[in-house]
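# Topology and contacts: notes
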Protein chains: 4
Amino acid sequence: MSLIFNREILFKTILIKRSNKLTTFKMAKSSFEYVKMFELDDTLLPNSWIVVRLDGKCFHKFSEDHDFSKPNDIRALRLMNYAAFSVFKEFHDLLMAFGQSDEYSFIFKKHTTLYNRRASKLLTTINSKFSSSYVYYWSKFFGTYNLKYPPTFDGRIILYPSDENLIDYMKWRQADVHINNLYNTTFWNLVLKGNMSPTQAEKRLCGTVSANKNEILYNEFHINYNNEPDIYKRGTLLLRKIINNQDTNKTYTVIVDIHDDMLKEIFWKEHSTLLTVKPSKQNFIHIGPITDIIEEQLKLKEPSE
Amino acid sequence: MSLIFNREILFKTILIKRSNKLTTFKMAKSSFEYVKMFELDDTLLPNSWIVVRLDGKCFHKFSEDHDFSKPNDIRALRLMNYAAFSVFKEFHDLLMAFGQSDEYSFIFKKHTTLYNRRASKLLTTINSKFSSSYVYYWSKFFGTYNLKYPPTFDGRIILYPSDENLIDYMKWRQADVHINNLYNTTFWNLVLKGNMSPTQAEKRLCGTVSANKNEILYNEFHINYNNEPDIYKRGTLLLRKIINNQDTNKTYTVIVDIHDDMLKEIFWKEHSTLLTVKPSKQNFIHIGPITDIIEEQLKLKEPSE
Amino acid sequence: MSLIFNREILFKTILIKRSNKLTTFKMAKSSFEYVKMFELDDTLLPNSWIVVRLDGKCFHKFSEDHDFSKPNDIRALRLMNYAAFSVFKEFHDLLMAFGQSDEYSFIFKKHTTLYNRRASKLLTTINSKFSSSYVYYWSKFFGTYNLKYPPTFDGRIILYPSDENLIDYMKWRQADVHINNLYNTTFWNLVLKGNMSPTQAEKRLCGTVSANKNEILYNEFHINYNNEPDIYKRGTLLLRKIINNQDTNKTYTVIVDIHDDMLKEIFWKEHSTLLTVKPSKQNFIHIGPITDIIEEQLKLKEPSE
Amino acid sequence: MSLIFNREILFKTILIKRSNKLTTFKMAKSSFEYVKMFELDDTLLPNSWIVVRLDGKCFHKFSEDHDFSKPNDIRALRLMNYAAFSVFKEFHDLLMAFGQSDEYSFIFKKHTTLYNRRASKLLTTINSKFSSSYVYYWSKFFGTYNLKYPPTFDGRIILYPSDENLIDYMKWRQADVHINNLYNTTFWNLVLKGNMSPTQAEKRLCGTVSANKNEILYNEFHINYNNEPDIYKRGTLLLRKIINNQDTNKTYTVIVDIHDDMLKEIFWKEHSTLLTVKPSKQNFIHIGPITDIIEEQLKLKEPSE
């Protein structure tokens, strides 16, 4: 109500002020300030899941310019995870993040009021922190290999009203990893080890189903696709977990990077509290092998928030 | 029309597919793909100016953490300009960019159809490229002085229907530079040279107008504010200009960084073609002293686009 | 994709065509058709409840101009219900409608794809049909008493992601009826029977709670508020129900107007299928006294959809 | 700012209140009031033309159900104009309205702050008043011929940033009248006087241009299309004009309905002040033959606003 009132007053004030000669910068500024009114409200619907998905722009070229290994470059994937971790650490209202290839999805707590749920604010702060982190931590994973130019990630916001929709979103992105990775693994084996040209490999794979690709890998390259690393087959999920340091008998909230199968219902049963309960109330869950991300946090030995 | 049709089909297909047992990942993926429908269209109104403004998040702390000189750190300003230049170079539909302190505004050509004017795409690609460039080019301006952590910039999009609105926006941001810089210059002289505490300096300046601050600077610190560098007093405007290399007799489109007074009507008269004509049709305009940005482009000696 | 393509083509075509002299109206029309591009998409988020609420504009004056009885005019309420019924009958995707005083809320099935969930279409068709029906059916309830001028209703759309939110919305509107009706009943008894001026009545009620008002009504006017008609105390809910005509042994889907207490959990338990199942699958539910609305439908004796 | 604060407070308050047992309706209401937060802001961009266009829903059927004359029913067109006049009279911020067939466009003053430029409010009040007026004034034009059911109009809002865009919109709608009316006039003459079936008439007209249709009308039915009434060929434009009553020597602002050719540039030159100056500053303009609309206003003899 008061906002509305001020707006009208402001507008009238402007019209009056404009006709006077400006005497100071302050007056000058105030006579242009009406342009602030053109910023429109972009508050997101309450009680719905907010997903921010980032995608690398022209990353096909970027990966060639930086000699990424094919079909997967573990350094590049770990850098993506680390940039996401850098975002996750800063925004406590993030519940999950899921990444693969050159994309990362960030999921906020359903009831987050961060930036009053303003779409632009949520979208750009995640996007910016991820982008700057990607460059900042490049050498941590690529050592002295130079980053040739600053990369660009685009971003979008999607709302999901129900838990089922959100879970289906997570499954959709993970099913995408499966399909792409099986294709890419077969394709690049045909090219790199099978001495096919990319065009020949593409033709060979045209019309094949999963079973066919598995067979090609097994029969021709002695690769059991099931034994491929989970990070390649399933992407990476970031979550917050509480762990107990037995030396100090203190609990810590750490961010963990896991590669579980989210397409199986058991995953969502085991993580049933994830969508409903605050992370700090979760019980201890075995977190598997120590990764860079966890190790770094354990070193800090900071008490749980 | 066809889009709408597909949507409904898709929705019905989903409902059917869900009830079947999934046999392959491809089927799995397609049964979750309905979640794409939740992405809503955010196309911006045609025939209106699109402004993307970025602001540093918590840059007060960031500037302290990195020992920025007060009231202005020329390295930090030049880095901001360079990051903006990096964005400007990549997005040919950008017409102008104006920066000061920790903020930068990017103005697209009125009729741009880049990304079909989708708000998220325009906002995030500018935001991301700027953020990654800030880190990438840090050492170019700060040398061996370490960047302690990746910075974050938020961003917003504002539409302006008329040229007058856009010009007033530019004036508004530049009037802001004037006010802030005069205040900060006086404040920091009182603190750094006048041995006042920040609280004392704040009190001293409370209620003063421009004339008072000019007097303080002149009488107490022998500083003629008019002689302060234009980059501090007026911020930086990036534009495209055509220059003629007399050695080769070729023309080049270069991005120039100028510090002109946009509050004066003469600026807009002299740049009257800016808002109406494509940059490539502009006449040659003397571009003043060679800066990092121009020098770098001239080295490239690439023919004008 | 094709849409986007056409758009750009269209835009370019326009620019070319404009410069030619128009020779026929068809050409003339096509050269202006670009203005269609300014219509932006307003599709509503899928999988969320769509509520359209209409409110009478200046109905305080309207009710005075038409000598509505105070505190409630049964003719006016029945006309509101009948206009809502007219809307409800036409839009099969409406699940519920709730009305009181000069407002009516319409709730669409969660998964409706009517008008592809375009906000303006949904909002205006409901709003228009209601408004025209209000005038059309006026004499059905007011007889020869003249409608003095056409009334105006404004409308808005609100989305609710969860069933709980929607139920709370319904409760909120019904709690509003309770509060207003108790106040109005007491106020108008003080004025009409207690010979108080409106100002005196207002003062008397200032700061009173429900219990106080109940006491005033009972002690001073021998009115047991609990015995007031439910339509006054609780407003009107429209639903679709299936009834069995025992003469013909056929089932009919009829729209019923009920006045149940939606604030009690038992209501939502008894109507648990309402939010989840299609109306046509509901079991028979006793529908209480025959109202105009039901009677009219029974006369039609049309088989259930 | 205070709004934001209240929101968070409200949300927290709700969570607390919910767990308590509700004791009064007021408390009940306040615990559900959080659902108000789901109403999102839909303020329209300032400094742009707001066009509200209404279209009859299923008016092909409606016109058949009410035996409208073909190709044009003058009663129906005059009723449309009168309903639009009823809207125009109520909303002083309306600058123009243009109607044809079963559609009407309403154009607000560029700087209107009516309802703080909230899209839903502007859209629905126009839509509702028009719809209720259509029914209310039916008998004024159709006499004792009964309206069989309440009609429905849908509505949409379109923004135009520049005067040129708005003028092109007006031209687009009028070019549409030309094309449709020439086609319909020829089609119905072929059917009604030429004894063709609708299918035959359609075939005959397939592929014809304006000139062909003019020839058919002239050669076969002795109709000079140029002599057809302007209201059929050009639709109706509502404007406010000031007229001088010579008897009383007073000026009046009246709403006039004109049928000028908006496709000609001279129209916009003669009305150059229309888009820039308030109607009350317009000079007297001869308003042509007295229509129902003007006559009615003159009878009122109210002084100009």
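What comes next is a walk through the structure. As the structure is a computational prediction, the values presented were derived from the model and not from experiment.

Let's shift gears to the relation of the copies chain A and chain B. Rotating chain A by 180° and translating it 0.0 Å along the rotation axis places it on chain B, where the RMSD comes to 0.0 Å. Such a combination of turn and shift is consistent with a two-fold rotation axis. Using C-alpha coordinates, one finds that chain A approaches the rotation axis most closely at A:Ser132, a distance of 2.2 Å. The overlap is high: 100% of the interface residues of chain A also sit at the interface in chain B, so the same surface is used on both sides.

Counted under the stated rule, the structure contains 108 aromatic pairs over all chains. Aromatic pair B:Tyr169 and B:Trp172: ring centres 5.9 Å apart, planes at 65°, arrangement edge-to-face. With B:Tyr169 and B:Trp172 both in helix α7 (residues 163–192) and three residues apart, this pair spans about one turn of that helix. Assigned by exposure class, B:Tyr169 and B:Trp172 land together as buried. On the numbers, 5.3 Å between centres and 85° between planes, the contact of B:Phe187 with B:Trp188 is edge-to-face. A connected cluster of aromatic rings, assembled from ring pairs, spans A:Phe59, A:Phe62, A:Phe68, A:Tyr104, A:Phe106, A:Phe130, A:Tyr134, A:Trp138, A:Phe142, A:Tyr145, A:Tyr149 and A:Phe153.

Attention now goes to the pattern of salt bridges. Under the defined criterion, the tally for this structure stands at 76 salt bridges over all chains. The partner of B:Arg156 in a salt bridge is B:Asp154, with the nearest N and O atoms 4.0 Å apart. Summarising the burial analysis for this pair, B:Arg156 and B:Asp154 share the class buried. D:Arg173 serves as the salt-bridge partner of D:Glu103, at 2.8 Å between the closest nitrogen and oxygen. Linking D:Glu103 in strand β3 (residues 103–108) with D:Arg173 in helix α7 (residues 163–192), this pair joins segments that are 70 residues apart in sequence. With a relative accessible area of 6%, D:Arg173 lands in the buried category. One continuous salt-bridge network, built from bridges that share partners, spans A:Glu39, A:Lys121, B:Arg53, B:Asp55, B:Asp154 and B:Arg156.

Listed by partner, the interface residues are 56 residues for chain C and 56 residues for chain D. Taken together, the links from chain C to chain D amount to eight salt bridges. A salt bridge links C:Glu39 to D:Arg53; its shortest N-O distance comes to 3.5 Å. The interface formed by chain C and chain D holds 30 residue pairs in polar contact (both at pLDDT 80 or more) in total. Contributing elements (two or more residues each) for the side of chain C that touches chain D: α2 (25–32), α4 (74–90), α5 (119–136), β4 (153–160) and α7 (163–192) of chain C. Ranked by residues supplied to the side of chain C that touches chain D, first place goes to α5(C) with 13 residues. Residue composition of the side of chain C that touches chain D, grouped by class: 25 nonpolar, 13 polar and 18 charged.

Turning our attention to the interface of chain A and chain B. Tallying the contact residues gives 56 residues for chain A and 56 residues for chain B. In total, about 5100 Å² of surface goes out of reach between chain A and chain B, with carbon and sulfur atoms giving 62% of it. Where chain A packs against chain B, one counts eight salt bridges. Measuring nitrogen to oxygen at the nearest pair gives 2.4 Å for the salt bridge that ties B:Lys121 to A:Asp154. Our count for the chain A to chain B interface comes out at 30 residue pairs in polar contact (both at pLDDT 80 or more). Mapped by element, the contributors of at least two residues to the side of chain A that touches chain B are α2 (25–32), α4 (74–90), α5 (119–136), β4 (153–160) and α7 (163–192) of chain A. With 13 residues, the top contributor of residues to the side of chain A that touches chain B is α5(A).

Rules used throughout
Residues numbered from 1 in each chain as written. Chains lettered and ligands numbered in written order. Predicted model: local features only at pLDDT ≥ 70, side-chain atom pairs only at ≥ 80, totals over all residues. Heavy atoms only, no water. Least-squares fit on C-alpha atoms with pLDDT ≥ 70 in both. Contact = heavy atoms within 4.5 Å. Phe/Tyr/Trp six-rings, centres within 6.5 Å; stacked < 30°, edge-to-face > 60°. Helix = DSSP H or I, 4+ residues; strand = E, 2+ residues; numbered from the N terminus. Buried < 20%, exposed > 50% of the residue type's maximum accessible area, 1.4 Å probe, protein only. Salt bridge = Lys/Arg side-chain N within 4 Å of Asp/Glu carboxyl O. Polar contact = N/O pair within 3.5 Å; in protein donor to acceptor, adjacent residues only side chain to side chain. Nonpolar A, V, L, I, M, F, W, Y, C, P; charged D, E, K, R; others polar. Buried area = accessible area lost by both parts, 1.4 Å probe.

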